[in-house]
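Each chain, written out:
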Amino acid sequence: LPADAPTETSDRRLLEDAYRANQTHQKLSLLLLTKLEKSFSNAGVRWLDFKGLPQARALYTDAAVRASRDIDILVDGANFLEAANLMLANGFVRPSLPISSTSLVSKAAIALVRDIGLVDSTTRIFVELHRQLLSPDRGIESLVADAFRPRLASGGEIPAPPVSAELAFYLLLHGATSLW
């Protein structure tokens, strides 16, 4: 912890526990992202982790000081169902609605949503899979399109948008539309 962290023993202990939990969560998240990178790349699915671990590593000298509890992945809309099915094949579960590439009900439901949540059955980490960043009627998508264009990873790279004004702008809008 930073030298200027609280010195009160109980407060410091709580911060140290939270810090260690963040370290563990980030290690598990990196393992999940690495597994998804391999699966998505092998299938030709273009994607990126648009907020979370890559940005924490870029913005903080010690990424564990930034708490994060989920992973947000953006995929090309054309690969949305395929990406969800790849995740299911890699040990993720859908908390409520079952997903199947052959189910007409699932296809209809997937066509209507911009994102779905899946949980890794081992680590219980929640991953939100997004087909688009903002609702199409908001008109903001074009302003950040280049920075957030999904891409195919190579050689174990976890694709992420660059740290930029566009990223900050999007994160503010995402938080506002998500009622954070």
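Located above this text is the structure these notes cover.
Calculation criteria
Residues numbered from 1 in each chain as written. Predicted model: local features only at pLDDT ≥ 70, side-chain atom pairs only at ≥ 80, totals over all residues. Heavy atoms only, no water. Pairing = 2+ DSSP bridges. Helix = DSSP H or I, 4+ residues; strand = E, 2+ residues; numbered from the N terminus. Contact = heavy atoms within 4.5 Å. Axes fitted to C-alpha atoms, helices over the stretch in contact; angles between N-to-C directions. Phe/Tyr/Trp six-rings, centres within 6.5 Å; stacked < 30°, edge-to-face > 60°. Buried < 20%, exposed > 50% of the residue type's maximum accessible area, 1.4 Å probe, protein only. Salt bridge = Lys/Arg side-chain N within 4 Å of Asp/Glu carboxyl O. Core = buried A, V, L, I, M, F, W, Y, C linked by side-chain atoms within 4.5 Å.

Hey, could you run me through the sheet that holds strand S2 (residues 70–75) in this one?
Strands in a sheet are paired, the pairing made by backbone hydrogen bonds, and the direction either parallel or antiparallel. Strand order in the open sheet formed by five strands is S1-S2-S5-S4-S3, with mixed pairing between adjacent strands. On the outer flanks of this sheet lie strand S1 (47–51) and strand S3 (92–93), each paired with one strand and no other. Pairing between strand S4 (residues 115–120) and strand S5 (residues 126–130): five bridges, direction antiparallel. Among the inter-strand pairings, glycine 117 is bridged to a residue of S5, identified as glutamate 128. Together, S1, S2, S3 and S4 form the strand contacts of helix H1 (residues 9–43), whose direction differs from that of S2 by roughly 20 degrees.

Sorry, what's going on with the packing of aromatic side chains here?
Between two aromatic rings, the relevant description is the distance of the centres plus the angle of the planes. Under the criterion given, the structure shown has one aromatic pair. Consider the rings of phenylalanine 40 and tryptophan 47, whose centres lie 5.5 Å apart with planes at 75 degrees: the pair is edge-to-face. For the pair shown, phenylalanine 40 and tryptophan 47 are each scored as buried.

Sorry if this is basic, but what is going on with the pattern of salt bridges here?
Proximity of charged atoms lets side chains of opposite charge pair with each other. Scanning the entire structure with this criterion turns up three salt bridges. Salt-bridge contacts for aspartate 17 lead to arginine 20; the nearest nitrogen and oxygen are separated by 2.7 Å. Residue aspartate 17 and its partner arginine 20 are located together in helix H1, separated by three residues, close to a single helical turn. Overall, arginine 20 belongs to the partly exposed group, its relative accessible area being 43%. Residue aspartate 76 is joined to arginine 46 by a salt bridge in which the shortest nitrogen-to-oxygen separation is 2.9 Å. Residue aspartate 76 is found in the loop between S2 and helix H3 (80–89), and its partner arginine 46 is found in the loop between H1 and S1; the two are separated by 30 residues along the sequence. Accessibility expressed as a relative area gives 31% for arginine 46, which makes it partly exposed.

Please clarify how the pairing of S2 should be interpreted in this entry.
Side-chain direction in a regular strand flips from residue to residue, so the side chains alternate between the two faces of the sheet. Counting buried positions along S2 yields five of six residues, so the element is predominantly enclosed. Note: S2 against S5, five bridges, orientation parallel. Bridge assignment links aspartate 72 to a residue of S5, and that residue is glutamate 128.

I keep staring at the environment of isoleucine 73 and nothing clicks. Help me out?
With respect to the element layout, isoleucine 73 can be found in strand S2. Among the residues examined, isoleucine 73 registers a relative accessible area of 0% and is labelled buried. For isoleucine 73 and alanine 160, which are 87 residues apart along the polypeptide, the C-alpha to C-alpha distance reads 9.2 Å. Ignoring any residue separated from it by four or fewer positions in sequence, one finds isoleucine 73 in contact with Leu33, Leu36, Phe40, Trp47, Leu48, Phe50, Val127, Glu128, Leu129 and His130.

What's the story with unusual backbone geometry in this structure? I'm lost.
Note: most residues except glycine have negative phi, and most peptide bonds are trans. The backbone phi angle of arginine 124 is positive, close to 65 degrees, even though this residue is not glycine. In this fold, arginine 124 is placed in the loop between S4 and S5.

Before we go on, may I ask you to explain the nonpolar core in this structure?
The tendency in soluble globular proteins is for nonpolar side chains to be buried as a group. Within the largest apolar cluster, 22 residues are counted, with the highest numbers of intra-cluster contacts made by Phe40, Ile73, Val75, Met87 and Leu129. Among the elements of the structure, H1, S2, H3, S4 and S5 are those that each provide at least two residues to this core. With five residues, the single largest contributor to this core is H3. Among residues more than four places away in sequence, those in contact with methionine 87 are Leu36, Phe40, Phe92, Leu118, Val127 and Leu129.

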